[in-house]
Structure formats: structure tokens, C-alpha cells
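# Coordinates in review
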Amino acid sequence: MSALRITPLTEWHRENGAKLVPFAGFEMPVQYKGIIVEHKHTREKAGIFDISHMGEFVVSGEGAKAALNKLVTQNLDTLAPGKCRYGFLTDEEGGVLDDLIIYCLAEDSYMLVINGSREETDFNWIDCHLPESVNFENVSYETAKIDLQGPLALDVLESVFGRDFKNLKYFNFGQTEFDGCKLLISRTGYTGELGYEFYLPSDKALSLWKKLVAHEDVEPIGLGARDTLRLEMGYPLYGQDLDTDHNPREGGYSFVLADDAFTDVKEMLIPLKIEGRRSARHGDKVHLDGKEVGVVTSGSFSPTLGFSIALAYVQADAAEAKEFVVKGARTDFKATKSELPFYKEGTARKKLD
């Protein structure tokens with residue numbers, strides 16, 4: 001087994017009592033004070049997340065837009081500089097190789113933010129499908145990523161940087177300076193709350209982290225709460241809810257696709273509500289009228305809502321049913337089809353005065 005990679009903040013996590021676990025080939029903090037405490041703090045105030053395990057690629061040069069447009073589901077013809085967009089990298093059969101956000105840095109210049117566990121696979125796939133005239137660079141090792149998320153995120157951001165960020169719209173980004181280096185700030189995130197993501201040189205990450213965590217409304221948040229926060233919003237996790245066996249339409253993203261894209265639908269990812277605190281787990285089988293029709297991909301107790309929630313792939317002809325039974329390891333759960341997001345009070349799209 002190869003040694004785990006560390007981020008520029010790993011030693012800080014260790015020194016400040018984080019529980020560290022292997023994740024995507026990195027040693028990452030899963031929690032500090034506890035998952036539920038950290039989850040609620042992010043919903044109520046603001047939390048910071050070390051997301052430096054994510055990968056970043058830069059695609060640039062004449063023809064970059066045209067080449068990328070053939071590989072991803074985002075329509076880059078309508079993505080202007082200063083804007084970013086969520087979508088998918090797919091294989092020839094339409095299977096999801098990864099979900100990613102693409103940033104338009106300038107005409108024919110893009111940054112791709114991909115899942116850390118897919119860094120090598122994504123890079124090789126894209127590299128094989130780009131013309132030699134297009135520049136393609138993996139800048140993951142030199143780039144750190146920190147997320148600031150929560151309803152008070154703007155107050156924290158303006159306090160730390162001493163300037164107004166109210167004009168930064170949802171899924172837009174800008175660049176500023178921090179500690180003598182370029183800092184990219186996007187209004188995006190994975191929690192459903194008002195949030196900002198910071199991209200900066202790795203050797204500057206600790207300085208920014210310390211400034212953010214020193215704010216009275218900020219707490220460090222681990223991957224455990226990040227997972228429960230994203231699940232309350234119904235956001236997918238690659239390797240659980242998304243994979244090469246399913247296309248983006250099956251994953252529930254028909255609203256970002258052309259009508260004629262990925263029309264071969266065998267299964268659908270649906271949201272399920274389960275009363276009580278006991279939750280379904282990844283791999284639990286889903287039954288309808290006594291017949292197995294699917295499998296749970298993600299499941300957890302929802303700290304905000306007070307009951308358990310899950311995502312599950314079910315056969316397409318069963319996707320409109322209302323009541324299911326989930327076969328857990330120790331017991332069966334009655335599950336009701338729900339709507340996404342599970343949590344509907346998120347501040348991510350909040351208009352800022």
C-alpha cells in the first residue's frame with residue numbers, strides 16, 4: 001500500500017485534535033469536535049474545510065474550448081470569463097468518469113476542478129482526447145483549496161479581507177491578492193449554504209487557514225460533516241452516487257443536459273426519507289412489493305431535519321413509486337420517496353445586499 005499524501009494543512013489538523021482517516025489517497029480530517037456539532041455550526045454560522053485533496057487542471061490555448069466541449073456536459077460556448085459551471089466528464093458510453101466544476105479563466109483558458117480520487121484517471125483520459133496544440137497541465141500539487149461555508153460566510157470573508165464581496169454572484173468567481181500571491185475566490189460550495197472556495201499556492205494555505213479560523217464565528221469542519229451537509233442537499237459523491245455504470249441523466253441531472261443526451265435510462269437515482277435515527281447504508285438493497293429493485297448509494301441521519309435520508313439507484317420502471325423497503329444489515333426500513341433538496345432552507349443562492 002502506498003503512503004498517503006498530505007495537504008498543506010495536515011499537520012495543523014493533527015496538532016488541533018482532528019481525527020485523521022484515509023480519503024482519496026490522502027490523510028484527511030474526518031472530524032474535530034464531532035460530526036453533528038460541526039454540521040450544525042456550518043448550518044448556523046460558518047465553517048472552513050480543507051479540500052486540498054481535490055485536483056486542478058488547466059486547459060488553455062487556441063482550440064481549448066472546442067476540444068473540451070467534446071468531453072464534458074457543460075456548454076462552454078455560453079460560459080463567460082469569471083463564471084464557473086458544474087457538470088460531468090463522461091466516457092464513450094455516457095458513463096460518468098467524474099463530476100467537476102469548470103472555471104472560465106479567459107477565452108480558451110479553463111481550470112477544471114476534479115475529485116482527488118480521480119486525478120490520475122481524469123488526467124490520462126483528457127490528455128488522450130486533446131489535440132497537441134492545446135496546453136494541458138496538472139496544477140494539483142501546487143494548488144491548495146479551502147472552503148468557507150455557512151450563512152455568515154460573507155461576514156467572515158469581508159472581515160478577513162477588509163473589502164466588499166457582495167457583488168460576487170452564485171457560480172461566479174474573482175481574483176484578488178493574499179500574502180503577495182494570487183487568490184481565486186468563487187461563490188460555490190458543497191453544503192447548500194452561502195459559501196466561498198479559495199484556490200491559492202500550497203505554501204500560502206496555512207496562513208489563510210489561520211486567519212479564517214481565528215474569526216469568532218468560524219470552526220474547522222471535517223469530512224464527516226461535509227458528507228451529511230451535502231447529502232441533505234442531495235449532492236452526489238463520486239464513487240457512491242456517480243460512477244461509470246450510470247450516465248448523468250440516471251444520476252438525476254437531466255436539467256443540465258440537452259434533451260437528446262444520454263437517453264438510455266435503466267436506473268434512476270432517487271431520494272428516500274426514513275423515519276427515525278437509524279439510517280440505511282451504502283449497499284443496502286431496496287425492495288418494492290417484495291422484489292429487489294435497487295440499492296442505496298448514500299445514507300445518513302440528517303442532523304438538521306431529525307430523520308434519516310438516503311439516495312438510491314432503482315430500476316427506471318420503479319422510480320415513480322412512493323413507498324419502498326430498504327433491507328438493512330440488522331433490520332428493514334420503510335422508506336418514502338422524497339424530493340431534493342431534502343433541506344430546503346440553504347442560503348447558497350441568497351441575494352446579497
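Scroll up to find the structure this text is about.
Report on the accompanying structure. Treat the numbers as computed from the prediction; the structure is a model and nothing was measured.

The next point concerns the nonpolar core. Leu 148, Tyr 196, Phe 198 and Leu 208 are the most contacted members of the largest nonpolar core, which has 29 residues in total. Counting only elements with at least two residues in this core, the list comes to strand S3 (46-50), strand S9 (143-149), helix H5 (153-161), strand S11 (181-186), strand S12 (195-201) and helix H6 (205-213). In terms of residue count, H5 provides more of this core than any other element does, five residues in total. Ranked by size, the runner-up nonpolar core spans 23 residues in total, among them Leu 79, Leu 89, Ile 114 and Ile 126.

The buried fraction of strand S7 (residues 109-114) amounts to six of the six residues, a majority that puts the element mostly inside the structure. Here S7 shows two buried faces, one formed by Ser 109, Met 111 and Val 113 and the other by Tyr 110, Leu 112 and Ile 114. Judged from the six bridges that link them, strand S4 (residues 55-60) and S7 form a sheet pairing that is antiparallel. Its bridge partner being in S7, Glu 56 is matched across the sheet by Val 113.

Under the counting rule described, the total for this entry stands at 16 aromatic pairs. Where Tyr 86 meets Phe 88, the ring centres are 5.3 Å apart and the plane angle is 75 degrees; that geometry is what we call edge-to-face. With a centroid separation of 6.1 Å and an interplanar angle of 65 degrees, the aromatic rings of Phe 161 and Phe 178 are classed as edge-to-face. Separated by 17 residues along the polypeptide, Phe 161 in helix H5 and Phe 178 in strand S10 (residues 173-178) bring together distant segments of the chain. Here Phe 161 matches Phe 178 in class, with each residue buried. Through a chain of ring-to-ring contacts, three or more aromatic side chains come together here, namely Tyr 86, Phe 88, Tyr 253 and Phe 255. When the ring centre of Phe 307 is taken as origin, the NZ or CZ atom of Lys 273, which lies over that ring, is 4.6 Å away. Residue placement shows Arg 277 over the ring face of Phe 301; its charged tip is 4.1 Å from the ring centre.

The next thing to look at is the packing of helix H2 (residues 35-44) against helix H7 (residues 223-233). H7 packs onto H2 with a crossing angle of 55 degrees between their chain directions and a minimal axis gap of 8 Å. Classed by the angle they form, the pair H2 and H7 counts as oblique. Relative to H7, H2 is oriented so that their crossing is right-handed. In this structure, H2 contributes Ile 35, Glu 38, His 39, Thr 42 and Arg 43 to the contact, and H7 contributes Gly 224, Ala 225, Thr 228, Leu 229, Glu 232 and Met 233. The residue inventory of the contact of H2 with H7, partitioned by class, reads four nonpolar, four polar and three charged.

With respect to topology, five strands assemble into an open sheet ordered S5-S6-S7-S4-S8, the strand pairing being antiparallel. The outermost strands of the open sheet, each flanked by one partner alone, are strand S5 (84-90) and strand S8 (135-138). This sheet shows a mean twist of 25 degrees between the axes of neighbouring strands, independent of strand direction. Note: S4 against S8, four bridges, orientation antiparallel. Directly across from Phe 57, in S8, lies its bridge partner Asn 138. Against the sheet, helix H4 (residues 119-129) contacts S4, S5, strand S6 (96-106), S7 and S8, and its axis sits at roughly 170 degrees relative to S8.

Scanning the model with the defined rule gives 18 salt bridges in all. Ionic pairing is found between Lys 266 and Asp 264, a salt bridge with its closest N-O pair at 2.7 Å. Using a relative accessible area of 55% as the deciding quantity, one classes Lys 266 as exposed. Residue Asp 264 is classed as partly exposed on the basis of its relative accessible area, which comes to 48%. Ionic contacts of the salt-bridge type, sharing partners, join the residues Glu 11, Arg 14 and Glu 27 into one network.

Okay, H6 next. When H6 is considered as a whole, its buried residues turn out to be Ala 205, Leu 208, Trp 209 and Leu 212. Down the axis of H6, the buried set is contained in an arc of 100 degrees. They therefore lie on one face.

In terms of burial, S3 is largely enclosed, as five of its five residues are buried. Looking at chain direction, S3 and S9 are connected through four bridges and run antiparallel. Considered in S9, the bridge of Gly 47 is made with Gln 149.

Turning to the side chain of Asp 50, a few remarks are in order. By the secondary structure assignment, Asp 50 is in strand S3. Despite its burial, Asp 50 pairs with no opposite charge, the nearest such side chain being Lys 145 at 9.0 Å. Within the structure, the side chain of Asp 50 is placed 3.0 Å from the side chain of Ser 52, a separation counted as a polar contact. Ignoring sequence-local partners within four residues, the contact set of Asp 50 consists of Thr 7, Leu 9, His 13, Met 28, Lys 145 and Trp 209.

To continue, consider the state of the cysteines. Working definition of a disulfide: a covalent bond connecting the sulfur atoms of two cysteines. Taken as a whole and assessed by the stated rule, the structure comprises zero disulfides. No disulfide involves Cys 84; its nearest neighbouring cysteine sulfur is the one of Cys 104, lying 10 Å away. A disulfide-free cysteine, Cys 181 has its sulfur positioned 19 Å from the sulfur of Cys 84, the nearest such atom.

The rules behind these values
- Residues numbered from 1 in each chain as written.
- Predicted model: local features only at pLDDT ≥ 70, side-chain atom pairs only at ≥ 80, totals over all residues.
- Heavy atoms only, no water.
- Core = buried A, V, L, I, M, F, W, Y, C linked by side-chain atoms within 4.5 Å.
- Buried < 20%, exposed > 50% of the residue type's maximum accessible area, 1.4 Å probe, protein only.
- Helix = DSSP H or I, 4+ residues; strand = E, 2+ residues; numbered from the N terminus.
- Pairing = 2+ DSSP bridges.
- Phe/Tyr/Trp six-rings, centres within 6.5 Å; stacked < 30°, edge-to-face > 60°.
- Lys NZ or Arg CZ within 6 Å of the ring centre and 35° of its normal.
- Axes fitted to C-alpha atoms, helices over the stretch in contact; angles between N-to-C directions.
- Parallel < 35°, antiparallel > 145°, perpendicular 65-115°, else oblique.
- Left-handed = near helix turned anticlockwise from the far one by under 90°.
- Contact = heavy atoms within 4.5 Å.
- Nonpolar A, V, L, I, M, F, W, Y, C, P; charged D, E, K, R; others polar.
- Salt bridge = Lys/Arg side-chain N within 4 Å of Asp/Glu carboxyl O.
- Arc of directions from axis to C-beta.
- Lys, Arg positive; Asp, Glu negative; His and termini not counted.
- Polar contact = N/O pair within 3.5 Å; in protein donor to acceptor, adjacent residues only side chain to side chain.
- Disulfide = S-S within 2.5 Å.

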